[in-house]
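Reading the structure
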Amino acid sequence: MRSACGQHDSESTCAAEEPLVFLDEQYVVRCSWAKVVKFSDADACTVASVTGRCEASIDTTCSNACAGEFLNSNLTAIPSELEIIEMCGGPLGSWSAVGSEPGAYLGVCAPGVKPPAPPLCDCASVACAAE
């Protein structure tokens, strides 16, 4: 699904991608438009770019981490890419597979999560403010 989502370059075509539906709509995976903040220097939280990207996500209820709400946070860090992604229920990828090592590729930016939030999450407030 991530590959299908990644082919879309606009919010409208992203939203038009047919979702995957399992267990009588109890589990829905769809393409969603995400705010992607890329950093050039994670230690200084220097923003390199702010873009949008179509990512696979799970239909769920999220809180707004940018407003200080952290239950099911909508901020995810991908340290290897120096990115913080703002979206609910995702992004999904190979790291979401059953049996993958938790926290090996990404982490939720929220206090008290397991595995712990990656250090890149220290830049979350900068990512929230970036436009």
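As a reminder, the structure under discussion sits directly above these lines.
Reference entry: report on the structure contained in this document. (Residues numbered from 1 in each chain as written. Predicted model: local features only at pLDDT ≥ 70, side-chain atom pairs only at ≥ 80, totals over all residues. Heavy atoms only, no water.)

Summing up its helical and strand segments, the chain has three helices and six strands in all. Its helices and strands taken in sequence order, the chain reads α-α-β-β-β-β-β-β-α from the N to the C terminus. A compact globule built from 131 residues would reach a C-alpha radius of gyration of about 14 Å, and the chain, at 14 Å, matches this within 12%. Counting across all 131 residues of the chain, residues that qualify as buried make up 34%. Sequence separation of 24 or more characterises 56% of the internal contacts of the chain that already satisfy a separation of 6 or more. Taken as a whole, the chain presents about 7,500 Å² of accessible surface, with 52% of it coming from carbon and sulfur. Of the charged side chains in the chain, 6 are positive and 17 negative, and the gap between their average positions amounts to 3 Å. (Helix = DSSP H or I, 4+ residues; strand = E, 2+ residues; numbered from the N terminus. Rg over C-alpha atoms; globule rule 2.2 N^0.38 Å. Buried < 20%, exposed > 50% of the residue type's maximum accessible area, 1.4 Å probe, protein only. Contact = heavy atoms within 4.5 Å. Areas by Shrake-Rupley, 256 points an atom, 1.4 Å probe, with all protein chains shown as cover. Lys, Arg positive; Asp, Glu negative; His and termini not counted. Charge placed at Lys NZ, Arg CZ, Asp CG, Glu CD.)

Next up on the list: the side chain of Thr76. Relative to the elements of secondary structure, Thr76 occurs in strand S4 (residues 75-78). Overall, the relative accessible area of 4% leaves Thr76 in the buried class. A polar atom in the side chain of Thr76 sits 3.2 Å from the backbone oxygen of Gly90. Beyond its immediate sequence surroundings of up to four residues, Thr76 is in contact with Glu83, Ile84, Ile85, Gly90, Pro91, Leu106, Gly107 and Cys109. (Polar contact = N/O pair within 3.5 Å; in protein donor to acceptor, adjacent residues only side chain to side chain.)

A few words now on the pattern of salt bridges. Side-chain pairing between opposite charges can occur once the charged atoms of the two side chains come close. With the rule as written, the count across this model stands at five salt bridges. Residue Glu55 is joined to Arg2 by a salt bridge in which the shortest nitrogen-to-oxygen separation is 3.0 Å. Highlighted residues: Glu55 in strand S3 (residues 46-58) and Arg2 in helix H1 (residues 2-6), separated in sequence by 53 residues. You can call Glu55 buried: its relative accessible area is 2%. Owing to a relative accessible area of 34%, Arg2 belongs among the partly exposed residues under this scheme. Among the charged side chains, a network of salt bridges with common partners joins Arg2, Arg53, Glu55 and Glu83. (Salt bridge = Lys/Arg side-chain N within 4 Å of Asp/Glu carboxyl O.)

By volume, the largest pocket is sized at about 700 Å³. Of all the secondary-structure elements, those providing two or more residues to the lining of the largest pocket are strand S1 (20-22), strand S2 (27-41), S3 and strand S6 (107-108). Its residues placed into classes, the lining of the largest pocket shows 19 nonpolar, nine polar and three charged. (1 Å grid on protein atoms, 1.4 Å probe; cavity = no way out; pocket = protein on both sides within 12 Å on 5 of 7 lines; lining within 4 Å. Points joined across faces, edges and corners; volume = space filled by probe spheres on them. Nonpolar A, V, L, I, M, F, W, Y, C, P; charged D, E, K, R; others polar.)

Tallying each qualifying case throughout the model produces six disulfides. The side chain of Cys14 participates in a disulfide bridge whose partner is Cys54; the two sulfur atoms lie 2.1 Å from each other. Note on the Cys14 and Cys54 pair: the S-S dihedral is about 80°, so by sign convention the disulfide is right-handed. With Cys14 in helix H2 (residues 11-16) and Cys54 in strand S3, this pair connects stretches of sequence that are 40 residues apart. Grouping residues by exposure puts Cys14 and Cys54 together as buried. In this model, Cys109 is linked to Cys121 through a disulfide, with the two sulfur atoms separated by 2.0 Å. Its S-S torsion of about -75° marks the bond between Cys109 and Cys121 as left-handed, since a negative value means left-handed. (Disulfide = S-S within 2.5 Å.)

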